[in-house]
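Here is how the chains run, residue by residue.
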Amino acid sequence: MTEKIYFTLEEAIEILPKVKILLEKLLKIQAKLNLHSQIQVEYDDEFLENVEIIRNELVESKHIYEFFKILNELTELGIFVKDPSTGLIDFYSKLGDEDIFLCYKYPEKTISFWHGVDEGFIGRRDVKSLKETSNE
């Protein structure tokens, strides 16, 4: 079982290039799945239609497998994937004794925001405020 991994801001920024690559792959796979689900071909021949259904299911299964493989890889890195359809992720971190999230949404350049674990995306605050808090 994967344990929570806590990141400093610097550690999260250091791993971000690898995470961005994985998120980009994840988003591309989702686009393929969405496109694939919209394509429907009808045949006059029941056998050919059955063959096509099986092939389509194989392709879709492959994409679904890749999708969850990447989700698992992100989780193993300690990333909390909040919304894979938008690339919204959080890194667990600490502010004193309190758990917080360092928040990132693909394709932002870097990690610029954080929020409490009970707050959502709308409660994001600038990471500069973390530095000010830690200096107090």
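Everything that follows concerns the structure shown earlier in this document.
Below is a summary of the structure that appears in this document.

**Digging into the overall build of the chain**
- A count of helices and strands for the chain gives three helices and five strands.
- Moving toward the C terminus, one meets the helices and strands of the chain in the order α-α-β-β-β-β-β-α.
- At 20 Å, the chain has a C-alpha radius of gyration far larger than the 14 Å of a compact globule built from 136 residues.
- Here the C-alpha coordinates of the chain stretch approximately 75 × 30 × 25 Å along the principal axes.
- For the chain, buried positions account for 32% of its 136 residues.

**As for the pairing of strand E4 (residues 113-116)**
- Alignment of strand E3 (residues 98-105) against E4, held across four bridges, turns out to be antiparallel. When the bridges of E4 are listed, leucine 102 appears paired with tryptophan 114.
- Pairing analysis gives two bridges linking E4 to strand E5 (residues 125-126), with the strands arranged antiparallel. Note on E5: the bridge partner recorded for tryptophan 114 is arginine 125.

**Concerning the sheet that holds E5**
- Strand order in the open sheet formed by five strands is E1-E2-E3-E4-E5, and the pairing between neighbours is antiparallel. The sheet is open, and its two borders are formed by strand E1 (79-83) and E5, each paired with just one other strand.

**Section: the packing of aromatic side chains**
- Under the defined criterion, the tally for this structure stands at six aromatic pairs.
- Each ring, one from phenylalanine 67 and one from phenylalanine 68, has its centre 5.2 Å from the other, and the planes form 85°; the classification is edge-to-face.
- What makes phenylalanine 67 buried here is its relative accessible area of 11%.
- A network of ring pairs unites the aromatic residues Tyr6, Phe80, Tyr92 and Phe101 as a single cluster.
- Sitting above the plane of the phenylalanine 80 ring, lysine 82 keeps its charged end 5.0 Å from the centroid.
- Sitting over the face of the ring of tryptophan 114, arginine 125 holds its NZ or CZ atom 4.2 Å from the ring centroid.

**As for helix H2 (residues 46-76)**
- Taking 1.5 Å per residue as the helical rise, H2 with its 31 residues ought to reach 45 Å, and the 44 Å between its terminal C-alpha atoms agrees with that figure.
- Looking only at H2, the buried set comprises Glu52, His63, Phe67, Ile70, Leu71 and Leu74.

**Focus on the environment of glutamate 76**
- Counting through the fold element by element, glutamate 76 comes out in helix H2.
- Considering only alpha carbons, one finds glutamate 76 and glutamate 3, 73 residues apart in sequence, at a separation of 8.6 Å.

Reading the values: rules and limits
Residues numbered from 1 in each chain as written. Predicted model: local features only at pLDDT ≥ 70, side-chain atom pairs only at ≥ 80, totals over all residues. Heavy atoms only, no water. Helix = DSSP H or I, 4+ residues; strand = E, 2+ residues; numbered from the N terminus. Rg over C-alpha atoms; globule rule 2.2 N^0.38 Å. Buried < 20%, exposed > 50% of the residue type's maximum accessible area, 1.4 Å probe, protein only. Pairing = 2+ DSSP bridges. Phe/Tyr/Trp six-rings, centres within 6.5 Å; stacked < 30°, edge-to-face > 60°. Lys NZ or Arg CZ within 6 Å of the ring centre and 35° of its normal. Expected span 1.5 Å × (residues − 1).

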